[in-house]
Structures are given as C-alpha cells and as structure tokens.
Amino acid sequence: KNGVVIVGAGHAGVQAAASLREEGYDGPVILLGDEKELPYHKPPLSKTFIKDAAAQPQPLRGEVFYTGHTIDFRPGTLVERIDAAARRLELAGGGDLAYDQLILATGSRPRLLPLPGAHLAGVLSLRSVADARLIREQSAACEEVVVIGGGFIGLEIAATLAAGGRKVTVIEALDRLLGRAVAPLIAEHVRQRLTASGVRILLKTTIERIEGEDGHVASVLTSSGEHLPAKMVITGIGVVPNVELAETAGLAIANGIRIDTAMRSSVENILAIGDNASYRHWQTGSDVRLESVQNATDQAKLAARTVLGHPGDYVAVPWFWSDIGDMKLQMVGLTAGSDRQILSGDPAENRFSVFHFIGDRLVAIESVNRPADHMLGRKMLGLGFSPTTEQVAGGAEALKAALA
Ligand code: FAD
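What comes next concerns the included structure. (Residues numbered from 1 in each chain as written. Predicted model: local features only at pLDDT ≥ 70, side-chain atom pairs only at ≥ 80, totals over all residues. Heavy atoms only, no water.)

Examining the pattern of salt bridges
Line of reasoning, step 1. A complete count under the given rule lists 20 salt bridges for this structure.
Line of reasoning, step 2. With a shortest N-O distance of 3.0 Å, Arg127 and Asp275 are connected by a salt bridge. A residue pair is termed long-range when its members are at least 10 positions apart, and Arg127 in the loop between strand S9 (123-124) and helix H4 (129-139) and Asp275 in the loop between strand S19 (270-272) and strand S20 (277-280) qualify at 148 residues.
Line of reasoning, step 3. One network of salt bridges, in which partners are shared, links Arg258, Arg280 and Asp287. (Salt bridge = Lys/Arg side-chain N within 4 Å of Asp/Glu carboxyl O. Helix = DSSP H or I, 4+ residues; strand = E, 2+ residues; numbered from the N terminus.)

As structure tokens, then:
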C-alpha cells in the first residue's frame, strides 16, 4: 500500500494529514513540502513577525504531532511532475514516489509586478517565512517603504511597518482600498484610520517604473509624476494559484484546479484543496477560489473524508480576518450580489459592522472590532437565519435573543 501523498505542507496540507488520522485512515500518510521549516501559521507574518526582531514562526503543529500520528513529513521536498497513469510523483533531484491517492495542497504565490525595475534588489513580496525574514531584516535599515497594492496583505504590512517607525506610502490603482473584498464604507474607514496613523495612501495611482541605484531600488516613479524615495518596495497585488504541477497531470484548471464539492479534481485519485483550488460555490452559484485559513482547513477535512470513502459536500460558511493596525476586520459569508446593507455600530468609535442582504436574506457580515457580530454571523449563516432590520439595530443582544 502506497497510501496518501500530500503535496504542500501549508495550512491545507497539514490539516489534511491530521484529518486523515482523525478519520481513522491507517495507511501511510506522506506530507511533502518544499519549504525547510516545520509548517507554520502564515497570518502572523504580515501582522507581527516583520516588526519584531525576536519573533519566531508559529508552528501549525509541534514536531511530535507528526511522529506521534505516523505522518511522514518530508521538508525541503519539491515535487516536479505527476504521472497520473502510473500514480507516481517525480521529485526534484531525481527520486520518485508512488501514491494511491494524491492531495494537491500547493497554495498560491504572489503575483509578479510586470514593471520596469521589478527585478531590483529590495523589491519584495510576502508569502513565506523566508520572505518575512527578508522584509524584517531589510526594513530595519530603511526609512521609507513603498507598498504597491491596497489589499489585505499590503495594508497589514503597511500598518505593521508604520507602527515600527517606517515612513510608508501605499499605492493603489483603484479609487478605494480593499477593492475586491469589503464594503466601500469599511474601505473608507480603513483609509482614514491608516492615514491618521501616518501611512500615506495614494489612490487612483499606478507606477511608471521602479528606479534603482547599483542594482538596488532607490525610488518609485508614480503615474502622477512623483518620485517616492524608498529603499524597499513591497508588492501586494494578489496571488496566483500554484497549478503548474497539476498541469503536468492534465487536471482541468480554471483560475485554480477545478474540484467538485468533495474536493475531487478531474483526474481519478487526485484531490486539490486550499488556495490552489476553484469550485462552484454553494452560496452564490458562481465559481470561486478563496484564499483563507478557513477555506484551507475545511476543504482539508472534506478531502480526508473523500479519501476514506465517505465524501461530504463543501457547504462551510466562508470567513476571514485581517488585522490592520488597530482594526480587527472580520468577514463572514460572501457579499456577491448584496443589494441592501445595514450599518450597526459607529465607525467613529472604530467598532461597527455592515450586514449584507440580498432582499431579506442575510449573505454576509463585515465587522471592525465587533467580534460578537462576527461570531453570531457565523451562526446565523450556518443556520440560514436572516435577522430583521430591528434585530440588527438591537445589536448583539437582540441577535442572540433572536437565535435562542
Ligand atoms: P499554503 O499555506 O501557501 O501552503 C502551500 C505549500 O505548498 C507552501 O509551503 C508551498 O511552498 C508548498 N508547495 C507548493 N508547490 C509545491 C511543490 N511542487 N512541491 C512541494 N511543495 C510545494 N488568511 C486568513 O484567513 N486570515 C489572515 O489573516 C491571513 N493572513 C495572511 C497573511 C499572509 C502574509 C499570507 C501570505 C497569507 C494570509 N492568509 C490569511 C491566507 C492564508 O495563509 C492562505 O489562504 C493559506 O495559507 C492557504 O493554505 P494552503 O495550504 O492552500 O497554501
């Protein structure tokens, strides 16, 4: 028996290994990851790690977890090709490995900046703890930093580096921050607060080029003709799914490896989970690829069930968080199609939520420093319960009472 081989030892891969054991799988479980570290939590990298010289990566599970559950974790192992017909993997450096079932949990990587000067030293992006170490080391010697992209990761990095004393400018092409992700009210709140904390934010601005001196970045020239001096430029313009390995096995791909509701790809005995997978979402009926710890974790649990022959359906309520300076943003549900919003709480107090509805149906809640709304939102969306306008106005107490 060759067992289950998992490629990618991030949030999804590690959970898949754990869930296989929890569900009672007793064959070999082999977890391959190209990074050298013990698998670690990614979210703290942009929030705390890069400003704290003493911070260590936070392991997802301790070392004894792998040995104790007979999970054969092999760090520093890059998988180069899948031979689906022979059910074999080819490893970088020559070896190969047979599988009975294969779980692809290869994640995603930062989108590259197609700009003159993008290759200069000091132009960085953040995905791994290795990237975070580079940013931490190099930013210590920089007064000015430019962050390209006003999405979650870019803004988290901007707030963190600004709190550590750097002078940070964020450049965003759209006319608002967090364009893909949250209600305009929240995006504007974040902009105002970050600005008040000393981060400079340039909206509707693009980059002409990144300028260097002796191979190292020295400044950024914006579309409005401004030269921004910066010894470090961090790009946060989104990620692309790691699908190249899946392509070698001929898996169907469309903005990610296509999977069904039980995490099966188009090729037999190959599953895919996490940032690299796209699927028809139960809530919206449209195709999505979600980049969140929740999605990676819940899909991993389902993949384990599928391997064991009792597949479930992926109907988990999506949720996500982001810490940007003194704002804890929490999102639950999907806002796609939202046609009515109710504000609860007061942005001036930096504590409020936006409830999103389609007609009378609650579809999402976005909160700033209102964790109770978020937790209630998870419950309400899980139950398919939609509060009335009065119940939302009554705050967490009224919502709790309505759910009781
Ligand atoms: P990953 O965790 O990226 O793991 C994939 C692993 O596979 C990587 O180690 C990769 O190197 C490896 N790999 C790829 N190809 C191969 C190969 N061919 N052979 C071997 N190994 C391979 N989500 C939230 O919900 N909240 C947050 O606050 C949040 N903050 C974040 C902050 C940062 C800085 C980053 C980078 C991400 C953040 N995310 C957050 C997103 C979240 O971390 C991802 O959605 C999650 O890591 C996805 O898990 P995954 O297992 O699919 O991918």
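Alright, that's what it looks like, and here's the rest.
Description of the sheet that holds strand S5 (residues 88-91)
Line of reasoning, step 1. Spatially, the three strands line up as an open sheet ordered S4-S5-S6, and their pairing is antiparallel. Where the open sheet ends on each side, the last strands, each with one partner, are strand S4 (79-83) and strand S6 (96-98). For this sheet the average axis-to-axis angle between neighbouring strands, irrespective of direction, equals 20°.
Line of reasoning, step 2. Of the pairings in the sheet, the one linking S4 to S5 comprises four bridges and is antiparallel in character. Bridging from a neighbouring strand, Ile82 pairs with Leu89 of S5. (Pairing = 2+ DSSP bridges. Axes fitted to C-alpha atoms, helices over the stretch in contact; angles between N-to-C directions.)

Considerations on the site of the ligand
Line of reasoning, step 1. Taken together, 31 residues sit near the ligand, with Asp34, Glu35, Lys47, Arg127 and Asp275 positioned nearest.
Line of reasoning, step 2. Within the backbone of His11, one N or O atom sits 3.3 Å away from an oxygen atom of the ligand.
Line of reasoning, step 3. Going through the elements one at a time, helix H1 (11-22), helix H2 (43-47), helix H8 (293-307) and strand S22 (319-324) are the ones with two or more residues in the shell around the ligand.
Line of reasoning, step 4. By residue number, the principal contributor to the shell around the ligand is H2, which donates three residues.
Line of reasoning, step 5. Along the lines of polarity and charge, the residues of the shell around the ligand split into 14 nonpolar, 10 polar and seven charged. (Near = heavy atom within 4 Å. Polar contact = N/O pair within 3.5 Å; in protein donor to acceptor, adjacent residues only side chain to side chain. Nonpolar A, V, L, I, M, F, W, Y, C, P; charged D, E, K, R; others polar.)

Observations regarding the sheet that holds strand S25 (residues 351-358)
Line of reasoning, step 1. Pairing is antiparallel across the open sheet formed by five strands, whose spatial order is S22-S23-S26-S25-S24. Among the strands making up the open sheet, the edge pair consists of S22 and strand S24 (340-346). On average, each strand axis in the sheet is tilted by 15° relative to the strand beside it, whichever way the strands run.
Line of reasoning, step 2. Of the pairings in the sheet, the one linking S22 to strand S23 (residues 327-333) comprises six bridges and is antiparallel in character. If you follow Trp319 over to S23, its bridge partner there is Val332.
Line of reasoning, step 3. Set on the sheet, helix H6 (residues 184-196) makes contact with S22, S23, S24, S25 and strand S26 (361-368); between it and S23 the angle comes to about 165°. (Contact = heavy atoms within 4.5 Å.)

Details of the pairing of S5
Line of reasoning, step 1. Here S5 shows one buried face, formed by Leu89 and Leu91, and one open face, formed by Arg88 and Glu90.
Line of reasoning, step 2. The hairpin turn running from S4 into S5, its antiparallel successor, is four residues long, and Arg87 in that turn takes a positive phi close to 50°.
Line of reasoning, step 3. In this structure, S5 lies alongside S6, joined through three bridges in antiparallel fashion. Its bridge partner lying in S6, Glu90 is registered against Asp96.
Line of reasoning, step 4. Counted between consecutive antiparallel strands, the loop separating S5 from S6 contains four residues, among which Gly93 sits at a positive phi close to 90°. (Buried < 20%, exposed > 50% of the residue type's maximum accessible area, 1.4 Å probe, protein only.)

So, the nonpolar core
Line of reasoning, step 1. With 56 residues, the main nonpolar core has Ile6, Leu89 and Leu104 as its most contacted residues.
Line of reasoning, step 2. In contact with Leu104, not counting residues within four places along its chain, are Val7, Ile82, Leu245, Ala246, Leu251, Ile257, Ile270, Leu271, Ala272, Ile273 and Asn276.
Line of reasoning, step 3. The next biggest cluster of nonpolar side chains, apart from the first, holds 41 residues, and it includes Leu124, Val145, Leu155 and Ile201. (Core = buried A, V, L, I, M, F, W, Y, C linked by side-chain atoms within 4.5 Å.)

Overview of unusual backbone geometry
Line of reasoning, step 1. The phi dihedral of Lys204 falls on the positive side, at around 45°, and the residue is not glycine.
Line of reasoning, step 2. Judged by relative accessible area, which is 65%, Lys204 ranks as exposed.

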